[in-house]
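What the coordinates show
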Amino acid sequence: MELTRIRRTLLVVLGAVLAVGGCASGAADKGGGTAGAPATPATAGTAAVLMMDDITAVFENGATVPQYAYIADLHDGCGYTAGWIGFCSQSGDMLGLVKAYNAAAPRNVLAKYTTVLQRLADSGSEDTGALGGAFVRDWKKAAQDPVFRRVQIQVGHDTYLTPAMKLSAQEGVKSELGRENLFDTALMMGQGSDDCDGMVKIAHETDKVLGGNPASGVDEARWLARFNTVRQEHLKHPCTPGRQNDWPQAVDRSQALQELADRGEWDLKAPLTVSADFARTISRPRD
């Protein structure tokens, strides 16, 4: 498995690292699904995607807008974790981001670190000292550049949202909330078919339990509730290397999304409160 697909699950608030806890929501398939099921198909437009991005900010940084300037060594084997979705210096996704930034703005302040980031990614090294003492300052300086912020969003979308939208079409998931569930699972647990705890695996396990998916006539609310139950089981008992300690404490990420379904928030309209242990209200979605 590529480490670039393994997302961090730590909630960082005001510089303090908090392990997100919680338990299974218990809202699994019980005779007809959850209340407030989506009545009509929806298309993920700009407003919905902005809301998805801000939900990610809630989960990743305890904020209601993307935190482009965030950077820290969480001492979790990832080296530096930085930016909107926690780009990691050890796994290579930070390298990919910086290369995309170089292509958009060749004279950017992070370009000089490309070679070192390449070496760290090639060796899988979590060494942050190799980047030098100015790297954190330069990352925060780059985050003031609208081009860098735009590239962060685009790389995140290309890597995780695009596969989630593709799978939603295959599975027949039509609500914005359903797509958000797939997006968040891809971002946190992996988007590829070979990720043993990833989005595709969980969706296929859900299909097997229910004997189908929304594309074949299974009620979407019922399918999503089961998807979240299966996801929580993977979080509690991950097969992904290195996640056995932190993922079991992160089930409230899935729980918070299931609570949105229980409240009938299928279209992700603002204001939207992300509950469970997060307790953040997104009033005006924006990147």
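Being a predicted model, the structure only gives us computed values, none of them experimental.

1. Let's talk about the overall build of the protein chain
Looking only at helices and strands, the protein chain has nine helices and seven strands in total. Looking at the protein chain as a whole, 55% of its 287 residues are labelled buried. Here the analysis covers contacts within the protein chain between residues at least 6 apart in sequence; of these, 68% occur between residues at least 24 apart. When the accessible area of the protein chain is evaluated, it comes to approximately 11,500 Å², of which 52% is carbon and sulfur surface.

2. Topic: the side chain of Ser254
Looking at the element boundaries, Ser254 is found in helix H9 (residues 251-262). In this view, Ser254 contacts Asn228, Arg231, Gln232 and Leu235; residues no more than four positions away in its chain are not counted.

3. As for the packing of helix H6 (residues 176-189) against H9
In contact at an axis separation of 10 Å, H6 and H9 are set at 175° when each is read in the N-to-C sense. Put simply, H6 runs roughly antiparallel to H9. Here Leu177, Glu180, Asn181, Asp184, Leu187 and Met188 of H6 lie close against H9, whose contacting residues are Arg253, Leu257, Leu260 and Ala261. Considering only residue class, the contact of H6 with H9 consists of six nonpolar, one polar and three charged.

4. A look at the sheet that holds strand S5 (residues 87-88)
Pairing is antiparallel in the open sheet, where three strands are placed in the order S3-S4-S5. The sheet terminates laterally at strand S3 (71-73) and S5, the two strands that pair on one side only.

5. Some words on unusual backbone geometry
With omega at -5°, the peptide bond leading from Ala270 into Pro271 counts as cis. Within the chain, His75 stands out as a residue other than glycine whose phi angle is a positive 55°. Its location among the elements puts His75 in the loop between S3 and strand S4 (80-82). The exposed category is assigned to His75, whose relative accessible area is 68%. Here the phi dihedral of Leu268 falls at roughly 55°; this positive angle occurs in a residue that is not glycine. With respect to the helices, strands and loops of the structure, Leu268 is situated in the loop between H9 and strand S6 (272-274).

6. A closer look at the state of the cysteines
Overall, the coordinates contain one disulfide when judged by the stated rule. Through a disulfide, Cys196 is tied to Cys239; the S-S separation comes to 2.1 Å. Taking the torsion about the sulfur-sulfur bond, which here is approximately 135°, the covalent link between Cys196 and Cys239 counts as right-handed. Within this pair, whereas Cys196 is found in the loop between H6 and helix H7 (199-210), its partner Cys239 is found in the loop between helix H8 (220-236) and H9, the two being separated by 43 residues in sequence. Look at Cys239 and you get partly exposed, because its relative accessible area is 41%.

7. A look at the packing of helix H5 (residues 146-171) against H6
Where H5 meets H6, the axes come as close as 8 Å, and the angle between the chain directions of the two elements is 135°. Judged by the inter-axis angle, H5 sits oblique to H6. When the axes of H5 and H6 are compared, the crossing they make is right-handed. Along the contact surface, H5 presents Gly156, Tyr160, Leu161, Ala164, Met165, Leu167 and Ser168, while H6 presents Arg179, Leu182, Phe183, Ala186 and Leu187.

8. So, the environment of Val58
Locating Val58 in the fold gives a position in helix H1 (residues 46-61). In this structure, the C-alpha to C-alpha distance between Val58 and Arg253, residues 195 residues apart in sequence, is 9.7 Å.

9. A look at the environment of Val65
Considering the arrangement of structural elements, one finds Val65 in the loop between H1 and S3. Each C-alpha atom, one on Val65 and one on Met51, is 9.2 Å from the other, the two residues being 14 residues apart in sequence. Residues in contact with Val65, not counting those within four places in the same chain, are Asp54, Ala57 and Arg286.

10. A short note on the nonpolar core
The biggest cluster of nonpolar side chains holds 72 residues, and the ones touching the most others in it are Ile55, Met94, Leu110, Phe135 and Trp139. The biggest single contributor to this core is H5, with eight residues. If we skip the residues at most four places from it in the chain, Leu110 touches Val98, Tyr101, Phe135, Asp138, Trp139, Ala142 and Phe148.

11. Some words on the pattern of salt bridges
Per the counting criterion, the structure on display carries nine salt bridges. With a shortest N-O distance of 3.0 Å, Glu60 and Arg253 are connected by a salt bridge. You can see Glu60 sitting in helix H1 and its partner Arg253 sitting in helix H9, a full 193 residues away along the chain. When its relative accessible area of 6% is taken as the criterion, Glu60 is described as buried. A residue is classified by how much of its surface remains accessible, and Arg253, at 2% relative accessible area, is buried. The network of salt bridges with shared partners includes Glu60, Asp184, Arg231 and Arg253.

Conventions and cut-offs
- Residues numbered from 1 in each chain as written.
- Predicted model: local features only at pLDDT ≥ 70, side-chain atom pairs only at ≥ 80, totals over all residues.
- Heavy atoms only, no water.
- Helix = DSSP H or I, 4+ residues; strand = E, 2+ residues; numbered from the N terminus.
- Buried < 20%, exposed > 50% of the residue type's maximum accessible area, 1.4 Å probe, protein only.
- Contact = heavy atoms within 4.5 Å.
- Areas by Shrake-Rupley, 256 points an atom, 1.4 Å probe, with all protein chains shown as cover.
- Axes fitted to C-alpha atoms, helices over the stretch in contact; angles between N-to-C directions.
- Parallel < 35°, antiparallel > 145°, perpendicular 65-115°, else oblique.
- Nonpolar A, V, L, I, M, F, W, Y, C, P; charged D, E, K, R; others polar.
- Pairing = 2+ DSSP bridges.
- Disulfide = S-S within 2.5 Å.
- Left-handed = near helix turned anticlockwise from the far one by under 90°.
- Core = buried A, V, L, I, M, F, W, Y, C linked by side-chain atoms within 4.5 Å.
- Salt bridge = Lys/Arg side-chain N within 4 Å of Asp/Glu carboxyl O.

The values are spatial; any link to function lies outside them.
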